[in-house]
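Descriptive analysis of the structure
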Amino acid sequence: NLVASVYAAAGQREMAREQFEEALKLDPKDAQSLLNMARLDLAESNAANAEARFRKVLEGDPKHMLATVGMAVAAASRNDTKEAEKWLQKASTEHPDAVEAQVALAQFYMGSRQVDKALAVIDAAAKKSPDNVVLANMRGMALLGKNDLPGALTSFKRATELAPKAYAYALNLARAH
């Protein structure tokens, strides 16, 4: 998997695919190899193959967060927003303490212009992870979407306090001024 991941990171999808396939020959249920193959499938706009691989992971672990979120990504790539939302809500519900699941659901809501729902998810997650810079920044973005400039500035300022060397957060703060 390590060699295949290096190939994938270098953009050499075919070499990565060959390595992941070799790993799957050794263990056809290897979740990491299946997830990586599914990511390659999504990168090549093959949602059907990706979904089949994510489902195989879910057969072994019905609550596997990355496979559940992956199903949402695959559904979204087919423009099936209802299915995508269903999978993201499942991930969020099954993994209430996983910031990644909450961020994915909030991003979905932001992307579909459901800012109030996004804020509800962000605020609930921030109660459990008050020092999470991603949540602070997302809250600022959501508040900008509601034209709440003072609230957005406060959230962006918090993000820059949490990650003072992160240029993107400082840029968001500067843009909101």
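Refer to the structure printed above.
These lines cover the structure that appears in this document, whether it is placed above or below.

1. Considerations on the packing of helix 9 (residues 133–145) against helix 10 (residues 149–162)
Axis separation between helix 9 and helix 10 bottoms out at 8 Å; the angle between their running directions is 160°. Considering their axes alone, helix 9 and helix 10 lie roughly antiparallel with respect to each other. By crossing handedness, the relation of helix 9 to helix 10 is classed as left-handed. Contact residues: helix 9 offers Val133, Ala136, Asn137, Arg139, Gly140, Met141, Leu143 and Leu144, while helix 10 offers Leu149, Gly151, Ala152, Ser155, Phe156, Arg158, Ala159 and Leu162. Classifying every residue of the contact of helix 9 with helix 10 by side-chain character gives ten nonpolar, four polar and two charged.

2. Concerning the layout of surface pockets
The calculated volume of the largest pocket comes to roughly 160 Å³. Taken together, Ile122, Ala126, Ser129, Pro130, Asn132, Leu135, Ala136, Arg139, Gly151, Thr154, Ser155 and Arg158 make up the lining of the largest pocket. Only helix 8 (115–128), helix 9 and helix 10 provide two or more residues apiece to the lining of the largest pocket. Among the residues making up the lining of the largest pocket, the classes are represented as five nonpolar, five polar and two charged.

3. Observations regarding the side chain of Asn132
Here Asn132 is to be found in the loop between helix 8 and helix 9. In this structure Asn132 touches Val99 and Leu162, once residues within four positions along its chain are discounted.

4. Remarks on helix 7 (residues 99–111)
The terminal C-alpha atoms of helix 7 lie 18 Å apart, and with 13 residues this matches the ideal 18 Å at 1.5 Å per residue to within 8%. Taken as a whole, helix 7 has its buried residues at Val99, Ala101, Gln102, Val103, Ala104, Leu105, Ala106, Phe108 and Tyr109. Positive backbone phi, at 60°, marks Arg113, one or two positions downstream of helix 7.

5. Some words on the nonpolar core
One finds Phe54, Ala67, Val69, Leu88, Tyr109, Ile122 and Leu135 to be the most contacted residues of the largest nonpolar core, which totals 45 residues. At eight residues, the largest contribution of residues to this core is made by helix 7. Beyond its immediate chain neighbours, meaning those up to four positions away, Phe54 contacts Leu35, Ala38, Leu42, Leu66, Ala67, Gly70 and Met71. Grouped together as the second largest cluster of nonpolar side chains are five residues, Val133, Ala136, Ala159 and Tyr169 included.

6. Overview of a nonpolar patch on the surface
Taken together, Met141, Leu144 and Leu149 make up a surface patch of nonpolar side chains, about 230 Å² in accessible area. As for its position among the elements, Met141 is in helix 9. Met141 gets classed as partly exposed once you look at its relative accessible area, which sits at 37%.

7. Side note on the pattern of salt bridges
Tallied over the entire structure, the rule returns twelve salt bridges. In this structure, Glu51 and Arg78 form a salt bridge, with 2.7 Å as the shortest nitrogen-oxygen distance. Of the two residues, Glu51 sits in helix 4 (residues 47–60) while Arg78 sits in the loop between helix 5 (65–77) and helix 6 (81–94), which places them 27 residues apart along the sequence. Overall, Glu51 belongs to the buried group, its relative accessible area being 12%. When its relative accessible area of 39% is taken as the criterion, Arg78 is described as partly exposed. For Lys146, the salt bridge goes to Asp116, with nearest N and O atoms at 2.6 Å. Here the residue Lys146 occupies a position in the loop between helix 9 and helix 10, and Asp116 occupies one in helix 8, the gap between them amounting to 30 residues. Overall, the relative accessible area of 52% leaves Asp116 in the exposed class.

8. Considerations on the environment of Ile122
The topology assignment puts Ile122 in helix 8. The contact partners of Ile122, leaving out residues within four places of it in the chain, are Ala106, Leu135, Met138, Arg139 and Ala142.

Parameters at a glance
Residues numbered from 1 in each chain as written. Predicted model: local features only at pLDDT ≥ 70, side-chain atom pairs only at ≥ 80, totals over all residues. Heavy atoms only, no water. Axes fitted to C-alpha atoms, helices over the stretch in contact; angles between N-to-C directions. Helix = DSSP H or I, 4+ residues; strand = E, 2+ residues; numbered from the N terminus. Parallel < 35°, antiparallel > 145°, perpendicular 65-115°, else oblique. Left-handed = near helix turned anticlockwise from the far one by under 90°. Contact = heavy atoms within 4.5 Å. Nonpolar A, V, L, I, M, F, W, Y, C, P; charged D, E, K, R; others polar. 1 Å grid on protein atoms, 1.4 Å probe; cavity = no way out; pocket = protein on both sides within 12 Å on 5 of 7 lines; lining within 4 Å. Points joined across faces, edges and corners; volume = space filled by probe spheres on them. Expected span 1.5 Å × (residues − 1). Buried < 20%, exposed > 50% of the residue type's maximum accessible area, 1.4 Å probe, protein only. Core = buried A, V, L, I, M, F, W, Y, C linked by side-chain atoms within 4.5 Å. Patch = residues over 30% accessible without salt bridge, like charges linked within 9 Å, V, L, I, M, F, W, Y side chains within 5 Å. Areas by Shrake-Rupley, 256 points an atom, 1.4 Å probe, with all protein chains shown as cover. Salt bridge = Lys/Arg side-chain N within 4 Å of Asp/Glu carboxyl O.

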